[in-house]
Amino acid sequence: MPSTKRHKAVAGPERDVLDLGGYVPYFLTAISNTWSRSSSRLYLERFGVGVTEWRVISQLAIEPAIAAQRICEVIGLDKGAVSRSVAALVAARHVTERPDDRDARRQVLELTPSGYALHDELIALATARERLLLEGFTAEEQAQLTGFLHRLHAKLPQLRDFRLERDGPPAS
């Protein structure tokens, strides 16, 4: 499906414009933004943490005793956002920090018992919302969608490095 269409502006020449019905980044952005905003609102109302704190908590449950930099790498979050979230979680006593045994300049983060309890409540809510999002998809369609998303995710390094040459076709 093409992602552009010809459009005649009120004044001026006809030009290519995005066809949002076929433009994959539009759908990814709309879904992601709506998911994040609604998740953050719900998590703040129920648990006093936002979606960024939830992402930090969930990564620490998956990989206990890691540095904040690792969270940034895996989730693709901004270093400043992760740092603010970690500070809030440490202040709330859901996360502890200690020097890394291999590099005393780095801090290792771990969930506390209250952090794990919060994780368990949040994961129940997050997975219920995921089930709602995927309602109406068969198990096979869900597996297919996940496969497509894995393939898109694998392209992220290329996307980060992509540059358009000024006087020629896109660089590959």
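Before any of the text, the structure's been laid out above.
Residues numbered from 1 in each chain as written. Predicted model: local features only at pLDDT ≥ 70, side-chain atom pairs only at ≥ 80, totals over all residues. Heavy atoms only, no water.

**Overview of the packing of helix 1 (residues 24–47) against helix 2 (residues 51–62)**
Alright, step 1. Contact geometry of helix 1 with helix 2 gives a least axis separation of 8 Å together with a crossing angle of 85°. Judged on the interaxial angle alone, helix 2 and helix 1 are roughly perpendicular. Within the contact between the two elements, helix 1 uses Ser 36, Ser 39, Ser 40 and Tyr 43 and helix 2 uses Val 51, Trp 54 and Arg 55.
Alright, step 2. Within the contact of helix 1 with helix 2, the residues separate by chemical class into three nonpolar, three polar and one charged. (Axes fitted to C-alpha atoms, helices over the stretch in contact; angles between N-to-C directions. Helix = DSSP H or I, 4+ residues; strand = E, 2+ residues; numbered from the N terminus. Parallel < 35°, antiparallel > 145°, perpendicular 65-115°, else oblique. Contact = heavy atoms within 4.5 Å. Nonpolar A, V, L, I, M, F, W, Y, C, P; charged D, E, K, R; others polar.)

**Describing the side chain of Gln 59**
Alright, step 1. Locating Gln 59 in the fold gives a position in helix 2.
Alright, step 2. Residue class for Gln 59 comes out buried when judged on its relative accessible area of 6%.
Alright, step 3. Non-local contacts of Gln 59, meaning those with residues more than four positions away in its chain, are made with Ile 66, Ile 71, Val 74 and Ile 75. (Buried < 20%, exposed > 50% of the residue type's maximum accessible area, 1.4 Å probe, protein only.)

**Looking at helix 5 (residues 113–134)**
Alright, step 1. A rise of 1.5 Å per residue sets the reference length of helix 5, with its 22 residues, at 32 Å; its end C-alpha atoms lie 31 Å apart and thus fit the reference within 8%.
Alright, step 2. Where helix 5 is buried, its residues meet helix 1, helix 2, strand 4 (107–111) and helix 6 (139–154).
Alright, step 3. Gly 136 sits one or two residues past helix 5 and shows a positive phi near 95°. (Expected span 1.5 Å × (residues − 1).)

**Some points on the nonpolar core**
Alright, step 1. Grouped together as the largest cluster of nonpolar side chains are 22 residues, with contacts concentrated most on Tyr 43, Val 56, Ile 57, Leu 60, Ile 71, Val 82 and Leu 122.
Alright, step 2. Mapped onto this core, the elements with two or more residues apiece are helix 1, helix 2, helix 3 (68–75), helix 4 (79–91), strand 4 and helix 5.
Alright, step 3. Top contributing element to this core by residue count: helix 2, with five residues.
Alright, step 4. Setting aside chain neighbours within four positions, we find Tyr 43 in contact with Gly 48, Val 49, Gly 50, Val 51, Trp 54, Leu 122, Leu 125, Ala 126 and Arg 129. (Core = buried A, V, L, I, M, F, W, Y, C linked by side-chain atoms within 4.5 Å.)

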